[in-house]
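Now for the letters of each chain:
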Amino acid sequence: MTHDRIHARKPTHDVERWSVGTIERVTERDGHCVFDVRTDAGETVELVVTVAIRDLVLRRLDLEDEESPIGTRVWYRKHGG
């Protein structure tokens, strides 16, 4: 499976290739993590990443213990995008 890409912080390289959105939901499916992200245009994009990437992104969001990532801004790229 080829995975999408997601960053907790604004990328410093190829910035024009990344989109910005807000996390709406984080779930698991078939051993992978699914981020539902709301775009600035109001659309929802589903991003499928590994559990390790989910953990990395959530750590880098600088959330307080037990604080939800819902509503947090992220940068992302769909596979092939």
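Details of the structure are given in the entry above.
All values reported here derive from a predicted model rather than from experimental measurement.

Trainee: Help me get a handle on the environment of Val-74, residues and values and all.
Mentor: Note that Val-74 resides in strand β5 (residues 73-77). For Val-74, a relative accessible area of 0% translates into the label buried. Put simply, Val-74 and His-32 are 42 residues apart on the chain and 18 Å apart in space, counted from C-alpha to C-alpha. Setting aside residues no more than four positions away along its own chain, Val-74 makes contact with Ile-6, His-7, Ala-8, Ser-19, Val-20, Gly-21, Ile-23, Val-37 and Leu-61.

Trainee: Please provide a residue-by-residue account of the sheet that holds strand β1 (residues 5-7), values included.
Mentor: Pairing within the open sheet is antiparallel, and its five strands lie in the order β1-β5-β2-β3-β4. Of all the strands in the sheet, just β1 and β4 (44-49) have a single pairing partner and so form its edges. Shown here is a sheet whose adjacent strand axes are inclined to one another by a mean of 40°, direction ignored. Relative to β5, β1 runs antiparallel, the two being bridged by three bridges. Following the sheet pairing, Ile-6 is matched in β5 by Tyr-76. Contacts between helix α1 (residues 51-60) and the sheet are confined to β1, β2 (19-29), β3 (32-39) and β4, with β3 contributing the most and set at about 50° to the helix.

Trainee: Can you explain the side chain of Asp-4? Please cite residues and give values.
Mentor: Summarising the element assignment, Asp-4 is placed in the segment before β1. Engagement of the side chain of Asp-4 in a polar contact is seen with the side chain of Lys-78, the distance being 3.2 Å. Among the polar contacts listed, one links the side chain of Asp-4 to the backbone nitrogen of His-79, at a separation of 2.7 Å. Beyond its immediate stretch of four places on either side in the chain, Asp-4 contacts Glu-46, Leu-47, Val-48, Val-49, Arg-77, Lys-78 and His-79.

What counts and how
- Residue positions are given per chain, counting from 1 as you read along its sequence in written order.
- Local features in a predicted model are, by the rule used here, given only for residues with pLDDT of at least 70; side-chain atom pairs are given and counted only at 80 or more, and totals for whole chains, interfaces and linings are based on all residues.
- Side-chain calculation: all heavy atoms of the structure are included, whereas hydrogens and water are not.
- A helix here means a DSSP run of H or I that spans at least four residues, while a strand means a run of E at least two residues long, and both kinds are numbered starting from the N terminus.
- Only protein chains enter the accessibility calculation, which uses a 1.4 Å probe; a residue is then buried when its area is under 20% of its type maximum, exposed when over 50%, and partly exposed in between.
- Contacts: residue pairs with any heavy atoms within 4.5 Å of one another.
- Only strands that DSSP links by at least two bridges are regarded as paired with each other.
- What counts as an axis is a line fitted to C-alpha atoms, over the stretch in contact for a helix, and the angles between N-to-C directions run from 0 to 180 degrees.
- Think of a polar contact as two N or O atoms within 3.5 Å of one another; within protein, one of them needs to be a possible hydrogen donor and the other a possible acceptor, and neighboring residues in sequence only count if both atoms come from side chains.

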